[in-house]
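# Structural characterization, general
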Amino acid sequence: SSSSSSSSTTALPVAAPSSSNCWRSRGVVALDCEFVGVGRNTGGIGGDRNALARVSVVSYSGSVLLDTLVQVDEEVVDFRIHITGLTQAHLDQGVSFSEARALAVGLLEGRVVIGHSLTHDFKVLSFSPPGQLVRDTSSCPQLRAPGLGRSLRALSEHHLGLKIQDGAHCSVEDARAALWLYRSVQDIWDPCCPITSTLSEPIPAAPHLREAAGILSAVCTEAGANEDLAAHFDRFASSSHGYAKEHYIRVARMLRSLPFAMSCPEDLARPELRCVGKGKAQADLLRLLREGGGG
């Protein structure tokens, strides 16, 4: 679901930890991060590197231990807004990368970390846990879905009957989905405790560091605010080929995801529009805005 419906994931019935699972309540957490693109737009869109923009950690029971927005020191060249739901204003509310990393690592270190395609999350966090404490649901043989691929969305629907990522992704929702997948095969994956150190229950971060989902759900977007503009780019895509076609499709998708209406040429200066680039797509969008918003 989108960020605004992230709480629906908690409705999935999961049994309370039994006495044999006591180590899991202390020693298992799930992680998911959201990234924005920084660096050069070498491919025209997306940036050439990921930057951490939101980090979420949930406990074995699915409760939120950390969910914070993160400031990005570099200029963001692509907010990937159709996935992240994030704008510059959101990032400006975040904590520093160093604080976010310290909070996350404090919860992850020494524990079994559940997640999906965790290589990307670990890289952006500069965190390298021992392999014996990583449970990546994208590579678990018991969690395959033949013919459906290995996306978290596909595995969640196939194994759990849970629909996620219908719109912008929510990192709390995605972390919980990976956790529920792990719990469905936990006795096969971890027949005994792999942790050698003594751990106490993970301590949740302060309330203001667990509020990102709420902040994002408070964003009100007028449905179809940029639909006319997006429809123009759909038409441009239908008569184009190769890279131009792909870029027009991406711009149309971005326009539909913006939490504000594009109404004048000055709106092109907004940070969220950097992903349009400086080429023909920008010229086309500028022309449409000068003509009155694409109507």
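Note that the structure is predicted; figures quoted are calculated from it, not measured. (Residues numbered from 1 in each chain as written. Predicted model: local features only at pLDDT ≥ 70, side-chain atom pairs only at ≥ 80, totals over all residues. Heavy atoms only, no water.)

### Section: the environment of Cys193
As a reminder of what qualifies: A run of H or I in DSSP counts as a helix once it spans at least four residues, and a run of E counts as a strand once it spans at least two, with each numbered from the N terminus.
The topology assignment puts Cys193 in the loop between α8 (186–189) and α9 (212–217). With 166 residues separating them along the chain, Cys193 and Gly27 place their C-alpha atoms 8.8 Å apart.

### Some points on the packing of aromatic side chains
Inclusion rule: Whether two aromatic rings pair depends on their centres lying within 6.5 Å, for rings of Phe, Tyr and Trp, where Trp uses its six-membered ring; planes under 30 degrees apart make the pair stacked, over 60 edge-to-face, and the rest tilted. Only protein chains enter the accessibility calculation, which uses a 1.4 Å probe. A residue is then buried if its area is under 20% of the maximum for its type, exposed if over 50%, and partly exposed in between. Lysine NZ or arginine CZ positioned within 6 Å of the ring centre and within 35 degrees of the ring normal marks a charge as sitting over the ring.
The tally for this structure, following the rule as stated, stands at five aromatic pairs. A ring pair is formed by Tyr182 and Trp189, whose centres lie 5.8 Å apart and whose planes are at 45 degrees; its orientation type is tilted. Take Tyr182: its relative accessible area is 0%, and that puts it in the buried class. When its relative accessible area of 22% is taken as the criterion, Trp189 is described as partly exposed. An angle of 80 degrees between the planes, with centres 5.2 Å apart, marks the rings of Phe233 and Phe236 as edge-to-face. Of the two residues, Phe233 and Phe236 both sit in helix α10 (residues 227–238), three residues apart, roughly one turn of that helix. The structure contains a cluster of three or more aromatic residues connected by ring pairs, namely Phe233, Phe236 and Tyr248. The lysine or arginine in question, Arg183, covers the ring of Tyr60, its NZ or CZ lying 3.9 Å from the ring centre. Directly above the aromatic system of Phe260 lies the positively charged group of Arg270, at a separation of 3.9 Å from the ring centroid.

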